[in-house]
Amino acid sequence: MELGLVIFIFGSIVGSFLNVVIYRLPAGKSIVFPPSECGNCGHRLGFLDLIPIISYLLQKGRCRHCGTKFSIQYPLVEFLTGLLFLALYWKFNLGIEFYLYLVLASLLISATFIDFKHQIIPNKLTYSGIIFGISSSLYFDHIGFRWALLGFLIGGGFLLLVAIASRGGMGVGDVKFAALIGTFIGPTQTFVGIILGALIGSVVGIALIVTKQIGGKDRIPFGPLIALGTLLMIFFGDSIIDLYWSIVL
Ligand SMILES: [Zn+2]
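Treat the numbers as computed from the prediction; the structure is a model and nothing was measured.

Re the environment of Ile247
Stage number 1. Mapping Ile247 onto the fold places it in helix α8 (residues 223-248).
Stage number 2. In this structure, the C-alpha to C-alpha distance between Ile247 and Ile131, residues 116 residues apart in sequence, is 37 Å.

Set out below in structure tokens:
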């Protein structure tokens, strides 16, 4: 079997675990125990129910026992994680960045969906990500410890200033989230990624207000935008920064 397919399947399996994280972490439940069950009838999901994407399609998105509809979030997260893992493999082959960004991508996806649903990014997620990012910078030399630490300080510091300036418009969860990203990709990429996310957010926000999908006072969650900006930097960061300099100079 081609390695790309294996990596996609692996990603979708990780994605089904991320669904558990997204569902249970904000509720303060254990993400390890008990095993997954139907939210309505409590029926424990068997091995076959746990096959990503395919089980959802086969059962037309319903519980086999009580017929309750499962959220489209489940197959979406599985598919998205599989796709991102595959894209990371295409970009980095099996280099150290590939493995580290698998972790970062998983954190980005979890934070994005939790932020959409609950308007928070849990401390458990950001703290464990920061610890992982800093310690992997000590162990591998992909960006080095100092650059990771600078990423932490500048990513978090930049959003802290925004949070203070916005007087509560932005949560402290976003600040920790940006600090976490900084430990993986360093200060420059983090900074540009946040700017990119904010730009995309403004365009989308204005479009949504103009088309009356949302009111002018509705809050657009910033976490998913930071996550999107970060992914753009991971995949196209060098070209984006080159483009920027070619415009400025
Ligand atoms: Zn059920």
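Re the environment of Met233
Stage number 1. In this fold, Met233 is placed in helix α8.
Stage number 2. The spacing of Met233 and Ala105 is 128 residues in sequence and 12 Å in space, taken between C-alpha atoms.
Stage number 3. If near-sequence neighbours (up to four positions away) are discounted, Met233 is found in contact with Gln189, Val192, Gly193, Leu196, Ile240 and Ile241.

Points about unusual backbone geometry
Stage number 1. Positive phi, normally seen in glycine, also occurs at Asn93, with a value near 55°.
Stage number 2. By secondary structure assignment, the location of Asn93 is in the loop between α3 (73-92) and α4 (96-118).
Stage number 3. Residue Asn93 is classed as partly exposed on the basis of its relative accessible area, which comes to 49%.
Stage number 4. Even without a glycine there, the phi angle at Gln119 is positive, about 55°.
Stage number 5. Mapped onto the elements, Gln119 comes out in the loop between α4 and α5 (123-139).
Stage number 6. On the accessibility criterion, Gln119 (45% relative accessible area) is partly exposed.

Some remarks on the nonpolar core
Stage number 1. Counting 47 residues, the largest nonpolar core has Leu88, Leu104, Leu125, Leu159, Phe177 and Ile234 as its most contacted members.
Stage number 2. For this core, the secondary-structure elements that each account for two or more residues are α1 (3-24), α3, α4, α5, α6 (145-166), α7 (172-210) and α8.
Stage number 3. Here this core takes eleven residues from α4, the largest share from any one element.
Stage number 4. For this core, the domains that each give at least three residues are domain 1 (1-94) and domain 2 (122-249).
Stage number 5. The contacts of Leu88, once residues within four sequence positions are left out, are Asn93, Phe98, Tyr101, Leu102, Ala105, Ile234 and Phe235.

Things to note about the side chain of Ser136
Stage number 1. Residue position: Ser136 is located in helix α5.
Stage number 2. Of the residues examined, Ser136 reaches a relative accessible area of 5% and is grouped as buried.
Stage number 3. Not counting chain neighbours up to four residues away, the residues in contact with Ser136 comprise Leu100 and His142.

What counts and how
Residues numbered from 1 in each chain as written. Predicted model: local features only at pLDDT ≥ 70, side-chain atom pairs only at ≥ 80, totals over all residues. Heavy atoms only, no water. Helix = DSSP H or I, 4+ residues; strand = E, 2+ residues; numbered from the N terminus. Contact = heavy atoms within 4.5 Å. Buried < 20%, exposed > 50% of the residue type's maximum accessible area, 1.4 Å probe, protein only. Core = buried A, V, L, I, M, F, W, Y, C linked by side-chain atoms within 4.5 Å. Domains from an automatic or database assignment.

What is shown is where atoms sit, not what they do.
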